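This is what each chain is made of:
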Amino acid sequence: MSGGTDSSVAALLLQDAGYDVTGVTFRFYEKDGCMEYLEDARDLCTRLGIPHIIYDARELFRERIIDYFIREYMEGHTPVPCTLCNNYLKWPLLSQLADERGIYHISTGHYVRKIKGNDHWYIQCGKDADKDQSFFLWGLPQEILERMLLPMGDLTKAEVRQIALERGFLKAAQKKDSIGVCFCPMDYRSFLRMEISDGTIQPGKFYDTDGNYIAKHEGYPFYTIGQRRGLGIDLNRAVFVKEIIPSENRVVLGDLKSLERMEFRLKDWKMVSSDALLGKEDVIVKIRYRKQSNRCKVTLLSDNTLQVTLFEPLTAIASGQAAAFYREDKVLGGGIII
């Protein structure tokens, strides 16, 4: 329970359904020391008459998520902190706390559903396409999927806010949605400048795809594959970041066509069922939260990476990003692009 609208209404609905609910608030990161969310979650639990647990996971979050985030940018990659947090921190921690208290079911305010097929549980897209969070949950194991309750999956955000209003939880109903990464919601570059020692990130050079010098840049970690805006140059034509070479502090720019690729590989992959994914030609891959749904064929290679062969070219495929596989609205698995 973050103290926000979604987890608050999730708790309400679970209690309405007859469950004995215990609220858990994780202390992951507190921007500028703000702890209002703890009070909001505690107050809501008091009103519902349910126990409330506060679990301090700030050191763990720093080690597994923030340090990873910084390291990936310094290696010229594009990290996916929300994916890693959900699959390897938030849900496993929730499961651990439940086990310690003899509680079977675990739940959050995620806008997703789940479905069972061929003896396997699958994450399924939520009803609200604008809020669907299935892209972030491809790495959860069966033992967690089986225990999940997902009361927001069949609701839209507007319906959730209305429920909160009707039940008199005005503050929860009016809370703004969080945007972007929780520890740097607006601009990761400012966060890097704050976290990285002075002088570590140095100005470098932009080049075109033929190796010709174009202009200076502020330092390669401040750019991502596919970036067009914020380059600080004017060439009277659209150019995009095509390649980042950390060892040379070099950023290569090209036109959009030069960014197209027909294949890529994944590490650290998870799949619900190999029979449902490998070698099939009706699989959809997404490398963005809401964009770029492309048909593909997935093959397991001898080095234990997944080869993703696209039916149509895809632009801005960046090392470090996540890729999630779907069949219709069902999540088949995913992995990290290398």
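Residues numbered from 1 in each chain as written. Predicted model: local features only at pLDDT ≥ 70, side-chain atom pairs only at ≥ 80, totals over all residues. Heavy atoms only, no water.

Participant: How would you explain the overall build of the protein if you had to name every residue and give the values?
Facilitator: Each helix and strand counted, the protein has 9 helices and 16 strands in total. Computed over its C-alpha atoms, the radius of gyration of the protein comes to 22 Å, within 12% of the 20 Å expected for a compact globule of 338 residues. Its C-alpha atoms give the protein principal-axis dimensions of about 65 × 50 × 35 Å. Here the analysis covers contacts within the protein between residues at least 6 apart in sequence; of these, 63% occur between residues at least 24 apart. Put simply, the protein shows about 17,000 Å² of open surface, and 47% of that area lies on carbon and sulfur atoms. A gap of 2 Å separates the mean positions of the 45 positive and 47 negative side-chain charges of the protein. (Helix = DSSP H or I, 4+ residues; strand = E, 2+ residues; numbered from the N terminus. Rg over C-alpha atoms; globule rule 2.2 N^0.38 Å. Contact = heavy atoms within 4.5 Å. Areas by Shrake-Rupley, 256 points an atom, 1.4 Å probe, with all protein chains shown as cover. Lys, Arg positive; Asp, Glu negative; His and termini not counted. Charge placed at Lys NZ, Arg CZ, Asp CG, Glu CD.)

Participant: Just give me the short version of the environment of Arg228, but keep the residues and values in it.
Facilitator: Its location among the elements puts Arg228 in the loop between β8 (213–217) and β9 (240–245). C-alpha of Arg228 to C-alpha of Leu256: the two residues are 28 residues apart in sequence and 9.5 Å apart in space.

Participant: Can you break down the sheet that holds β9 residue by residue, with the values?
Facilitator: In spatial order, the strands read β8-β7-β10-β9; together these 4 strands make up an open sheet with mixed pairing. The open sheet has two edge strands with one neighbour each: β8 and β9. Along the sheet, successive strands turn relative to each other by an average axial angle of 30 degrees, direction set aside. In this sheet, strand β10 (residues 250–254) lies alongside strand β7 (residues 204–208) in parallel orientation, the contact comprising 4 bridges. By the bridge assignment for β10, Asp208 is matched with Leu253. (Pairing = 2+ DSSP bridges. Axes fitted to C-alpha atoms, helices over the stretch in contact; angles between N-to-C directions.)

Participant: Any details on helix α1 (residues 5–16)? Residues and values, ideally.
Facilitator: Along an α-helix, residues three or four apart share an orientation, since each turn contains 3.6 residues. In this model, α1 (12 residues) spans 17 Å end to end at C-alpha, consistent with the 16 Å of a helix rising 1.5 Å per residue. For α1, a buried count of 9 out of 12 residues is recorded, marking the element as mostly surrounded by other parts of the structure. Close packing links the buried residues of α1 with α2 (36–48), β3 (106–107), β6 (148–149), α6 (157–166) and α7 (170–174). With its phi angle positive at about 100 degrees, Gly18 sits one or two positions after the end of α1. (Expected span 1.5 Å × (residues − 1). Buried < 20%, exposed > 50% of the residue type's maximum accessible area, 1.4 Å probe, protein only.)

Participant: Any chance you could break down the packing of helix α3 (residues 58–74) against helix α8 (residues 188–195) for me, citing the residues and the numbers?
Facilitator: In helix packing, the relevant descriptors are the interaxial angle and the interaxial distance, both defined with respect to the helix axes. Two elements in contact, α3 and α8, have axes whose closest approach is 11 Å; the angle formed by their N-to-C orientations is 100 degrees. Relative to α8, α3 is oriented roughly perpendicular. From α3, Arg62, Ile66, Phe69, Ile70 and Tyr73 reach across to α8, where they touch Tyr188, Phe191, Leu192 and Glu195. The residue makeup of the contact of α3 with α8, split by class, is 7 nonpolar, no polar and 2 charged. (Parallel < 35°, antiparallel > 145°, perpendicular 65-115°, else oblique. Nonpolar A, V, L, I, M, F, W, Y, C, P; charged D, E, K, R; others polar.)

Participant: I'd love a proper account of the pairing of strand β11 (residues 261–271), names of residues and values included.
Facilitator: Where β11 and strand β14 (residues 306–314) come together, 5 bridges link them in antiparallel fashion. Each residue of the ladder has a partner; that of Phe264, found in β14, is Val308.

Participant: With reference to specific residues and values, describe the side chain of Thr83.
Facilitator: Within the element layout of this structure, Thr83 appears in helix α4 (residues 81–100). Residue classification places Thr83 among the buried positions, given a relative accessible area of 2%. Contacts of Thr83, omitting those with residues within four sequence positions, involve Phe136, Trp138 and Ala322.

Participant: Lay out the pattern of salt bridges in plain terms, naming residues and giving numbers.
Facilitator: Pairing is possible between side chains that carry opposite charge, provided their charged atoms lie close to one another. Applying the stated criterion to the full structure yields 20 salt bridges. A salt bridge links Asp187 to Arg189; the shortest N-O distance between them is 3.5 Å. Note on Asp187: relative accessible area 30%, which makes it partly exposed. We note a salt bridge from Arg193 to Glu218, for which the minimum N-O separation is 2.7 Å. Here Glu218 lies in the loop between β8 and β9 and Arg193 lies in helix α8, a separation of 25 residues in the sequence. Exposure remark for Arg193: the relative accessible area of 41% places this residue in the partly exposed category. Among the charged side chains, a network of salt bridges with common partners joins Arg27, Glu30, Asp56 and Arg58. (Salt bridge = Lys/Arg side-chain N within 4 Å of Asp/Glu carboxyl O.)

Geometric values such as these leave the question of function open.
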